[in-house]
2 protein chains.
Amino acid sequence: MMTYDQLFEQIKKKKSFLCVGLDSDIAKIPSHLLEEEDPVFAFNKAIVDATAEVAIAYKPNIAFYECRGVEGWRSLEKTVAYIKENYPEIFTIADAKRGDIGNTSQMYAKAFLETLDFDAITVAPYMGEDSVTPFLQYEGKWVVLLALTSNKGAFDFQFFEQEGERLYERVLRKSQEWGNDRNMMYVVGATKADMLEGIRKIVPEHFLLVPGVGAQGGSLEEVAKYGMNNHCGLIVNSSRGIIFADKTENFARRAGEEARKLQADMERLLAGRGIVD
Amino acid sequence: MMTYDQLFEQIKKKKSFLCVGLDSDIAKIPSHLLEEEDPVFAFNKAIVDATAEVAIAYKPNIAFYECRGVEGWRSLEKTVAYIKENYPEIFTIADAKRGDIGNTSQMYAKAFLETLDFDAITVAPYMGEDSVTPFLQYEGKWVVLLALTSNKGAFDFQFFEQEGERLYERVLRKSQEWGNDRNMMYVVGATKADMLEGIRKIVPEHFLLVPGVGAQGGSLEEVAKYGMNNHCGLIVNSSRGIIFADKTENFARRAGEEARKLQADMERLLAGRGIVD
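Just so it is clear, the model here is predicted, and its values are computed rather than measured.

Enquirer: For the overall build of chain A, give the residues involved together with the corresponding values.
Expert: Counting its secondary structure elements, chain A contains twelve helices and ten strands. The C-alpha radius of gyration computed for chain A amounts to 18 Å, which stays within 12% of the reference 19 Å derived for 277 residues, consistent with globular compactness. With the principal axes as the frame, chain A shows a C-alpha extent of 55 × 45 × 35 Å. When the accessible area of chain A is evaluated, it comes to approximately 9800 Å², of which 44% is carbon and sulfur surface.

Okay, structure coming up:
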């Protein structure tokens with residue numbers, strides 16, 4: 001479990017709002033790791049150890065584990081347990097994008113917030129209230145609801161507009177009837193940073209989980225300019241740019257370097273806002 | 001793999017368009033099965049054997065497996081393998097409601113359509129085109145896209161309306177740019193059967209996967225009245241009403257009886273339409 005205040009304290013302490021995305025595709029990890037008993041866990045462990053100093057959150061994308069069946073699930077279990085045991089102050093997000101009718105969402109909530117004991121899970125809003133609220137029943141845990149995603153397909157439905165209100169804005173407004181800034185965050189893609197200004201009018205205090213910086217082309221400066229609030233309010237994710245920066249035996253060291261580069265930029269932006277010295 | 005024509009042939013042969021939902025919650029299966037090595041697989045195997053004569057599809061809801069971690073995943077693997085080996089003519093649907101950015105949806109597609117070898121997977125549309133199309137790259141496999149779901153929360157966003165077009169209608173129209181009636185179906189809840197008439201104007205030939213008959217309160221008559229086309233075009237799911245009809249050692253026999261009752265109703269509706277004698 002992790003409170004809003006604990007998260008903010010960690011941001012101030014590490015001078016960072018970096019989330020490292022553990023999209024640990026077994027086809028892309030350094031080949032020497034394939035000799036390990038659990039190559040993906042060995043990879044994640046090394047990446048975590050190399051970046052924990054500057055990362056405030058880890059976000060395994062569940063697809064990269066699920067595609068390996070039972071073995072992948074085991075790598076995921078070990079990864080979360082390793083983070084929680086060695087870095088209990090770090091926020092863990094299951095990037096699962098789940099959402100189903102109430103009795104089924106309850107089962108997903110159990111899977112990720114209880115069995116695997118993640119602090120948070122990403123949830124898709126299409127099915128509405130009863131698909132989201134079961135995830136909010138866990139004290140100290142978080143729902144990270146998809147609002148405006150970073151991909152091209154976001155334009156297909158998320159900008160659908162009724163009486164001047166776009167669908168993603170409707171998601172932001174409507175979901176505030178179900179949760180609040182202490183148990184709900186929103187996904188807002190860095191590739192649409194200029195829309196953050198409007199989004200902050202609807203959700204001024206909420207944390208936003210921002211993917212799409214780096215490989216997908218989003219700008220950290222823009223994200224901070226339009227999205228940062230007095231409690232930072234941002235968790236910016238980078239996956240490929242960190243974890244696959246190098247594919248040799250130096251992969252962990254290079255991942256650490258890339259993470260520290262981002263942290264240095266983040267420190268400057270936090271200082272500019274007066275959040276850190 | 002399963003073609004449109006093979007599915008229709010099976011419907012005519014079995015005089016049924018019944019899908020049995022394997023929402024096999026370990027807390028709800030008969031207690032004597034808990035002594036088995038894999039209680040959920042033992043349950044599914046018995047349910048499948050008792051209903052295969054009248055079921056044209058099985059649909060495990062992935063949440064009920066995922067919540068049990070590695071063990072749950074193993075029960076799921078064994079269940080799909082058992083169906084494919086013993087009843088290869090029956091359509092298998094992973095009720096997973098996945099959807100993520102392109103490179104991630106590719107991984108989910110691999111998990112369900114390749115590793116587990118399901119014939120179809122349910123997909124959530126919120127993230128648009130590149131979140132859906134990776135699932136369409138598998139020859140002979142199907143995407144079942146959420147359109148209008150059976151739950152109460154469906155009213156939160158799916159009825160959002162732009163210039164007279166509702167979001168679920170927009171999903172039906174837009175997604176036809178990505179797939180066709182030979183590789184795409186839609187989820188339309190039985191609890192909103194009166195909207196099927198309008199839906200059929202947009203997707204006259206597509207198969208519709210219809211949950212919500214039974215426990216959720218939808219009517220089979222209404223679904224057939226407004227949703228059936230000349231190739232039937234319907235796969236109606238029942239989960240709890242069949243699989244948990246009885247919780248004693250007679251559970252499988254009772255499941256078979258409940259399935260045959262639904263099949264008898266379906267046969268009458270198919271005959272009324274002239275699809276079977």
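Enquirer: Any chance you could break down the side chain of His 206 of chain A for me, citing the residues and the numbers?
Expert: All names here are of chain A. Topologically, His 206 is positioned in the loop between α9 (196–202) and β9 (208–210). Here the side chain of His 206 touches Asp 181 through a polar contact of 3.4 Å, landing on its backbone nitrogen. Excluding its chain neighbours within four sequence positions, the residues that come into contact with His 206 are Gln 176, Asn 180, Asp 181, Met 184, Tyr 186, Arg 200, Asn 229 and Gly 233.

Enquirer: Account for the interface of chain A and chain B, naming residues and giving values.
Expert: Tallying the contact residues gives 58 residues for chain A and 58 residues for chain B. Looking at the side of chain A facing chain B, the largest losses of area belong to Tyr 126, Phe 157 and Phe 160 of chain A, adding up to 19% of the total buried there. One can count six salt bridges joining chain A with chain B. One salt bridge in this structure joins Asp 100 of chain A and Lys 97 of chain B, with 2.8 Å as the shortest N-O distance. There are 27 residue pairs in polar contact (both at pLDDT 80 or more) connecting chain A and chain B. The biggest single contributor to the side of chain A that touches chain B is helix α5 (residues 102–115) of chain A, with eight residues. A breakdown of the residues in the side of chain A that touches chain B according to their chemical character gives 25 nonpolar, 14 polar and 19 charged.

Enquirer: Give me the relation of the copies chain A and chain B: which residues, what numbers.
Expert: Relating one copy of the chain to the other requires a rotation about an axis plus a shift along that axis. The two copies are related by a screw motion: chain A maps onto chain B through a turn of 180° and a shift of 0.0 Å along the axis, at an RMSD of 0.0 Å. As the rotation angle and translation indicate, the two copies are arranged about a two-fold axis. When the interface residues of chain A are mapped onto chain B, 100% of them again lie at the interface, so the same face is used by both copies.

Enquirer: Describe the packing of aromatic side chains, and please don't skip the residues or the numbers.
Expert: Enumeration over the complete set of coordinates arrives at 23 aromatic pairs over all chains. Centroid distance Trp 73 of chain A to Trp 73 of chain B: 6.0 Å. Interplanar angle 10°. Geometry classified as stacked. Here the residue Trp 73 of chain A occupies a position in helix α4 (residues 69–86), and Trp 73 of chain B occupies one in helix α4 (residues 69–86), the pair thus bridging two chains. In terms of burial, Trp 73 of chain A and Trp 73 of chain B fall into one category: buried. An aromatic cluster of at least three residues, connected via ring pairs, comprises Trp 73, Phe 112 and Phe 118 of chain A together with Trp 73, Phe 112 and Phe 118 of chain B.

Here is what the cut-offs are and how they apply
- Residues numbered from 1 in each chain as written.
- Chains lettered and ligands numbered in written order.
- Predicted model: local features only at pLDDT ≥ 70, side-chain atom pairs only at ≥ 80, totals over all residues.
- Heavy atoms only, no water.
- Helix = DSSP H or I, 4+ residues; strand = E, 2+ residues; numbered from the N terminus.
- Rg over C-alpha atoms; globule rule 2.2 N^0.38 Å.
- Areas by Shrake-Rupley, 256 points an atom, 1.4 Å probe, with all protein chains shown as cover.
- Polar contact = N/O pair within 3.5 Å; in protein donor to acceptor, adjacent residues only side chain to side chain.
- Contact = heavy atoms within 4.5 Å.
- Buried area = accessible area lost by both parts, 1.4 Å probe.
- Salt bridge = Lys/Arg side-chain N within 4 Å of Asp/Glu carboxyl O.
- Nonpolar A, V, L, I, M, F, W, Y, C, P; charged D, E, K, R; others polar.
- Least-squares fit on C-alpha atoms with pLDDT ≥ 70 in both.
- Phe/Tyr/Trp six-rings, centres within 6.5 Å; stacked < 30°, edge-to-face > 60°.
- Buried < 20%, exposed > 50% of the residue type's maximum accessible area, 1.4 Å probe, protein only.

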